[in-house]
Amino acid sequence: MLAKDGDKPQKGGLRKRRRPAEDGGRAELEKKRKNGGEEEKRGQKPQGDGGRKRLDALSVGYFRRVGERLSEGFEEDEEREMFVGNVLAEVKGKASLVATDRTGSITLQRLLPLSSPDRVGEVLAELGGESGAGFKEVSCDRCGGHVVESALRQMSRWEEFSQKDPTKEEEEEEGEQESAGMLESQVLSLCQVVKDNGAEFIRHVHGSHVVRTLLHVLAGCVAPPRTEAQPGPKEHRAAPQLTDFEIPTSFWYELKSLTESLMENINLSVTDGAASAVFQTMLTVCHRKRPKLCKQLLKRTMEYLTSRSSAPGVSPLLVFLKDQASSRLIETIIQLSHKSLLRDLYKSHFKGSLVDLALHPIANFPVQRLTAASAKHKLFPKLFDELVQGVEAVLAAGHMGVIVQLAESCAESGEKQDDMMRCLLNSFHCAEPGSRHACCLPLFMSLLTYEVYYQTDATEGSTQKEVPLTSICYHGSRLVQALAKFKERSHLLSSLSTLSPADLLTMASDPSGSHVLQALITTSSDKGRGKILKRLQGQYVQMACSRLGSRVLEAAWNSASVSQRQSIAQELAPSESKLRSDQFARHVWAKFGLSHFVHRRAHWQEIQTGESKKRKLFSDLLE
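Computed from a predicted model, the values in this text were never measured in an experiment.

Conventions and cut-offs
Residues numbered from 1 in each chain as written. Predicted model: local features only at pLDDT ≥ 70, side-chain atom pairs only at ≥ 80, totals over all residues. Heavy atoms only, no water. Helix = DSSP H or I, 4+ residues; strand = E, 2+ residues; numbered from the N terminus. Buried < 20%, exposed > 50% of the residue type's maximum accessible area, 1.4 Å probe, protein only. Contact = heavy atoms within 4.5 Å. Polar contact = N/O pair within 3.5 Å; in protein donor to acceptor, adjacent residues only side chain to side chain. Core = buried A, V, L, I, M, F, W, Y, C linked by side-chain atoms within 4.5 Å. Axes fitted to C-alpha atoms, helices over the stretch in contact; angles between N-to-C directions. Parallel < 35°, antiparallel > 145°, perpendicular 65-115°, else oblique. Nonpolar A, V, L, I, M, F, W, Y, C, P; charged D, E, K, R; others polar. Disulfide = S-S within 2.5 Å. Phe/Tyr/Trp six-rings, centres within 6.5 Å; stacked < 30°, edge-to-face > 60°. Lys NZ or Arg CZ within 6 Å of the ring centre and 35° of its normal. Salt bridge = Lys/Arg side-chain N within 4 Å of Asp/Glu carboxyl O. Patch = residues over 30% accessible without salt bridge, like charges linked within 9 Å, V, L, I, M, F, W, Y side chains within 5 Å. Areas by Shrake-Rupley, 256 points an atom, 1.4 Å probe, with all protein chains shown as cover. Lys, Arg positive; Asp, Glu negative; His and termini not counted. Charge placed at Lys NZ, Arg CZ, Asp CG, Glu CD.

Trainee: Please set out the environment of Gln455 residue by residue, giving values where relevant.
Mentor: When you line up the elements, Gln455 lands in the loop between helix H28 (450-453) and helix H29 (474-483). Taking the C-alpha atoms as reference, Gln455 lies 9.4 Å from Val467; in sequence the two are twelve residues apart.

Trainee: Which residues make up the environment of Lys485, and what values go with them?
Mentor: Of note, Lys485 is situated in the loop between H29 and helix H30 (490-497). The exposed category is assigned to Lys485, whose relative accessible area is 59%.

Trainee: Summarise unusual backbone geometry; cite the residues concerned and give the values.
Mentor: Residue Pro433 is reached from Glu432 by a cis peptide bond, and omega for that bond is -10°. A positive phi angle, close to 60°, is found at Lys416, a residue other than glycine. Residue placement: Lys416 occurs in the loop between helix H25 (400-413) and helix H26 (417-427).

Trainee: Can you explain helix H6 (residues 102-111)? Please cite residues and give values.
Mentor: Restricting attention to buried positions, one finds in H6 the residues Thr103, Gly104, Ser105, Thr107, Leu108 and Leu111. Elements in contact with the buried residues of H6: helix H3 (57-72), helix H4 (77-91), helix H5 (95-99) and helix H9 (144-153). The residue sitting at the N-terminus of H6 and contributing the capping side-chain oxygen is Asp101; that oxygen lies 3.0 Å from the backbone nitrogen of Thr103.

Trainee: A description of the nonpolar core should follow, citing residues and the corresponding values.
Mentor: One finds Leu127, Phe350, Phe444, Met507 and Leu572 to be the most contacted residues of the largest nonpolar core, which totals 173 residues. The residues touching Met507, leaving out its near neighbours within four places in the chain, are Met445, Leu469, Ile472, Leu496, Leu499, Gly513, Ser514, Val516 and Leu517.

Trainee: Describe in detail the side chain of Ser374, supporting the description with residues and values.
Mentor: Along the chain, Ser374 falls in helix H22 (residues 364-374). Among the residues examined, Ser374 registers a relative accessible area of 0% and is labelled buried. Residues within four places of Ser374 in sequence aside, it is in contact with Leu342, Leu379, Phe380 and Leu383.

Trainee: Got a sec to walk through the packing of helix H17 (residues 291-307) against helix H20 (residues 339-350)? Specific residues and values, please.
Mentor: Two elements in contact, H17 and H20, have axes separated by 12 Å at closest approach and are oriented at 10°. Here H20 runs roughly parallel to H17, going by the angle between their axes. Counting all contacts with H17, which are made through Leu298, Met302 and Thr306, the residues of H20 involved are Leu341, Leu345 and His349. Broken down by class, the residue content of the contact of H17 with H20 amounts to four nonpolar, two polar and no charged.

Trainee: I'd like a rundown of the state of the cysteines, residues and numbers included.
Mentor: This structure, assessed with the given rule, holds zero disulfides. Free cysteine Cys440: the closest other cysteine sulfur is in Cys430, separated by 5.8 Å. Overall, the relative accessible area of 0% leaves Cys440 in the buried class.

Trainee: I'd like a description of the packing of aromatic side chains, backed by residues and values.
Mentor: Within a pair of aromatic rings, the relevant descriptors are the distance that separates the centres and the angle that separates the planes. Using the criterion set out here, one finds nine aromatic pairs in the structure. Measuring from centroid to centroid gives 6.0 Å for Phe380 and Phe384, while their planes differ by 50°, and the two rings are tilted. On the criterion of helical spacing, the pair formed by Phe380 and Phe384 is a turn pair, its members being four residues apart in helix H23 (residues 380-387). This pair shows no difference in class: Phe380 is buried, exactly as Phe384 is. Members of the aromatic cluster, each reached through a chain of ring pairs, are Trp557, Phe592, Phe597 and Trp604. Residue placement shows Arg601 over the ring face of Phe597; its charged tip is 3.8 Å from the ring centre.

Trainee: Describe the pattern of salt bridges, listing the residues and the values that go with them.
Mentor: In this structure the tally under the stated criterion is 19 salt bridges. Among the salt bridges present, the one from Arg69 reaches Glu79, with a minimum N-O distance of 3.1 Å. One end of the pair, Arg69, is in helix H3; the other, Glu79, is in helix H4, and ten residues separate them in sequence. With its nearest N and O atoms 2.9 Å apart, the salt bridge here joins Glu408 to Arg478. A residue pair is termed long-range when its members are at least 10 positions apart, and Glu408 in helix H25 and Arg478 in helix H29 qualify at 70 residues. One salt-bridge network, held together by shared partners, links Asp385, Lys416, Asp419 and Arg422.

Trainee: How would you summarise a positive patch on the surface if you had to cite specific residues and measurements?
Mentor: Positive charge collects at one region of the surface, where Lys339, Arg343, Lys347, Lys351, Lys378 and Lys382 lie side by side. At three residues, the largest contribution of residues to the positive patch is made by H20. As for its placement among the helices and strands, Lys382 is situated in helix H23.

Trainee: Residues and numbers for a negative patch on the surface, please.
Mentor: Together, Glu75, Glu76, Glu78 and Glu81 make up a negatively charged patch on the protein surface. On the secondary structure map, Glu78 appears in helix H4.

Trainee: Outline the packing of H22 against H25, listing residues and values.
Mentor: Running from N to C, H22 and H25 cross one another at 5°; their axes reach a closest spacing of 9 Å. Considering their axes alone, H22 and H25 lie roughly parallel with respect to each other. Between H22, through Asn364, Gln368, Thr371 and Ala372, and H25, the contact on the second element is made entirely by Gly401, Val402, Gln405, Leu406 and Ser409. By residue class, the composition of the contact of H22 with H25 is three nonpolar, six polar and no charged.

Trainee: Explain helix H31 (residues 501-509) to me, using residue names and the numbers behind them.
Mentor: Where H31 is concerned, the buried positions are Asp503, Leu504, Leu505, Met507 and Ala508. Where H31 is buried, its residues touch helix H27 (440-446), H30, helix H32 (513-523), helix H33 (526-536), helix H34 (540-544) and helix H35 (549-559).

Written out as structure tokens, the structure reads:
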């Protein structure tokens, strides 16, 4: 456990320390430095876990107050620089203790972006020691690893200090270049330590993150800092946004050297989750910044994966596809593969096994990546013809991502769309008789078969009862959004026209259904959009007062013709007081210019006509 204010006294007679004074604890810290080592001289062991030194309570309190002061902000840059310099002076001599303490680590992470590169380099130099051996212990610490990562990220500011400024004095210019050079040399020192202890670093839960950040920095791109907080659903799915920056020449060669060293431990990438993540990062950053190097690494990685022994006539890749760690690495390989490698992957390893892999709880994810990557190539029709045979079984297994990705690839490639729609109608048992086609939209959105949704028997014929629209799921929404991009959407639009106004309002107000309705409205022709808007008449006020419904209404407005906008405005205008007092509808009132519509109708009409012409002009240019 890390030391905190108010901790109970430890065994061995150490007393609980009092909270330091509000002046930042400098007097106590000075006294501690003057009397440093007295406890050890008396034979007392330092406080810690298993003999490990820890930051004392006085220092913890001091760094906590530093964090509070940083939160308050500074009026002038000079004041901030002086404050940062004073705090880093307190850190000097005990950087490792501060970095491996929870409070100290958080404070250092906030200080380093405010520090000049030479000061960051000094902190790294102290953490690593003369030979750089200290980097390993700090980088593999839960708190220390974050500090090392934060220091590495400051290389993104290297160009600011390395470029010559004609307005500065020559001595000052040389000093700044030296300061940037010090940070550069410490990054190279850390890199050497990683190369010497590669296996230990990439397998360590914290050390592996330092290696991944190091790869980013050497390549010249940084991702957002990692945090202890759990990401939200959208953040978890989204790929991190990388920011590019210029790098020193030495980093160009060092990246090549580091990747060579890491490839010596390629065997760990298929057995260890942390090591697999390091190799994924290595391939991703090289694909972004060093495409030729990435191509070589992909080839060597595939050679290793396919060289492992397996049963005669069975691809060794099939074993790795079903493993948690190695399957993620294969997903990355598929996403970054060029056309020839992708074709070889399918022909030599996936062909004939796609349905079985799609039914596997882990292997179905690489199948999704392969389906997505093949949409840009002639390989897709072959992959589709094999995978479509098992759509109903995949649906029964609950691997909805495979079906959604198959539909999205059909939409992207423009091929096999009729076959996909026919397959879905059969899988949801609404292909025959033809009257069931009108039920397809609720079935697709809920991912339920006709019999389950309408709670009827297959022997009862085509008779169906009215069922309110309630169960709209995430993957069902994604599926229909993909189908909305197909060239032929008549089944979806016909089914939409059979829904009651209440069901349409339910769709518009549902987190998943609102995206479906928005996609169907925006992808329809003017005539088709007019039919949908006509069905929505009478619901506009309720939609405007809904958090999600208001967004659907805005999307419909943006794609609507002038006459359609006028129809929407005529329905909304009489409810002015209600709309202007609602937290969502007031934005609709403002964006639609309804005050102009009520009081200056001719002017409103002129504005809308002008916007319509601009929109048509831009759409013609894009086409």
